[in-house]
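Observations on chain architecture
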Amino acid sequence: EVQLVESGGGLVQPGGSLRLSCAASGFTFSSYEMNWVRRAPGRGLEWVSYIASSGSPIYYTDSLKGRFTISRDNAKNSLYLQMNSLRAEDTAIYYCARGDGTTYQYGMDVWGQGTTVTVSS
Amino acid sequence: DIQMTQSPSSVSASVGDRVTITCRASQDISSWLVWYQQKPGKAPKVLIYAASSLHSGVPSRLSGSGSGTDFTLTISGLQPEDFATYYCQQAHSFPFTFGPGTKVDIK
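The notes below deal with the structure included here. Only a predicted model underlies this, so the values are computations on that prediction, with no experimental measurement involved.

Looking now at the sheet that holds strand β7 (residues 62-67) of chain B. Residues and elements named next belong to chain B. Taken in spatial order, the 4 strands of this open sheet run β1-β3-β8-β7, and their pairing is antiparallel. Strands at the two margins of the open sheet, each flanked by one partner only, are β1 (4-7) and β7. Between one strand axis and the next, the sheet turns by 20° as a mean value, whatever way the strands run. Judged from the 4 bridges that link them, β1 and strand β3 (residues 18-25) form a sheet pairing that is antiparallel. Opposite Met4, over in β3, you have Ala25 as the bridge partner.

Residues and elements named next belong to chain A. By the element assignment, Ser78 lies in strand β8 (residues 78-83). The class for Ser78 is buried, based on a relative accessible area of 11%. Leaving out residues up to four positions away in the same chain, Ser78 has contacts with Cys22, Ala23, Phe29, Arg72 and Asp73.

It is worth spelling out the packing of aromatic side chains at this point. A full pass over the atoms with the stated rule returns 16 aromatic pairs over all chains. With a centroid separation of 6.4 Å and 55° between ring planes, the pair formed by A:Phe27 and A:Phe29 is classed as tilted. Pair check on accessibility: A:Phe27 and A:Phe29 agree, each one buried. When the ring of A:Trp111 is compared with that of B:Tyr36, the centres are 5.5 Å apart and the planes differ by 75°; the resulting orientation is edge-to-face. With A:Trp111 in strand β10 (residues 108-111) and B:Tyr36 in strand β4 (residues 33-38), the pair connects residues from two separate chains. Judged on exposure class, the residue A:Trp111 and its partner B:Tyr36 are both buried. Taken together through their ring pairs, the aromatic side chains of A:Trp47, A:Tyr50, A:Tyr59, A:Tyr104, B:Phe94 and B:Phe96 make up a single cluster. It is A:Arg72 that lies over the ring of A:Phe29; its NZ or CZ is 4.3 Å from the centre.

Rules behind the numbers
- Residues numbered from 1 in each chain as written.
- Chains lettered and ligands numbered in written order.
- Predicted model: local features only at pLDDT ≥ 70, side-chain atom pairs only at ≥ 80, totals over all residues.
- Heavy atoms only, no water.
- Pairing = 2+ DSSP bridges.
- Helix = DSSP H or I, 4+ residues; strand = E, 2+ residues; numbered from the N terminus.
- Axes fitted to C-alpha atoms, helices over the stretch in contact; angles between N-to-C directions.
- Buried < 20%, exposed > 50% of the residue type's maximum accessible area, 1.4 Å probe, protein only.
- Contact = heavy atoms within 4.5 Å.
- Phe/Tyr/Trp six-rings, centres within 6.5 Å; stacked < 30°, edge-to-face > 60°.
- Lys NZ or Arg CZ within 6 Å of the ring centre and 35° of its normal.

Below is the structure:
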């Protein structure tokens with residue numbers, strides 16, 4: 001079964017850091033582009049970051065201003081999101097999502113169940 | 001960045017109704033438009049990619065059309081499992097952007 005399982009979310013104080021992980025199974029992880037997408041409470045979906053199957057290129061949404069870093073370990077079938085200088089507006093459910101595999105332009109076809117990040121003092 | 005808008009923001013409909021959701025891009029994105037469905041407490045699911053291609057397993061009562069800046073998602077014969085929020089996403093260029101969503105609820 002194709003599956004993505006996120007972990008690492010939790011409660012963190014403003015200015016703190018968290019590292020999210022996404023464990024992939026049931027497919028050849030190293031062949032697929034990956035993304036992080038978030039949904040803040042009461043808001044819609046926001047794409048956060050993309051990483052190619054080889055690890056490059058990488059893209060981010062403009063609003064992050066260099067605070068987040070996406071990475072992957074193909075040997076461990078894992079995707080990561082290092083989040084620094086966290087703000088209240090980063091509070092959201094964070095999903096990892098697989099690129100279609102044909103082209104990134106076909107969207108994201110497999111999603112994890114999400115991990116919740118809450119930034120609050 | 002490419003801005004995406006959707007209309008309406010919400011629609012109330014009955015089982016069997018035909019529902020049409022519109023998505024507009026702030027610039028030409030060719031056919032690089034993806035539609036997703038999200039239900040409360042669940043992850044999004046892809047419905048349509050490349051504006052009009054149905055993802056595997058998606059029922060044929062859903063259809064997509066459009067190119068350039070204007071796109072539509074149509075649900076013909078609404079079923080109980082279709083009550084959800086629908087998002088469009090431009091996949092033309094990075095950064096990807098989503099529309100604000102359209103909630104389809106029961107009249």
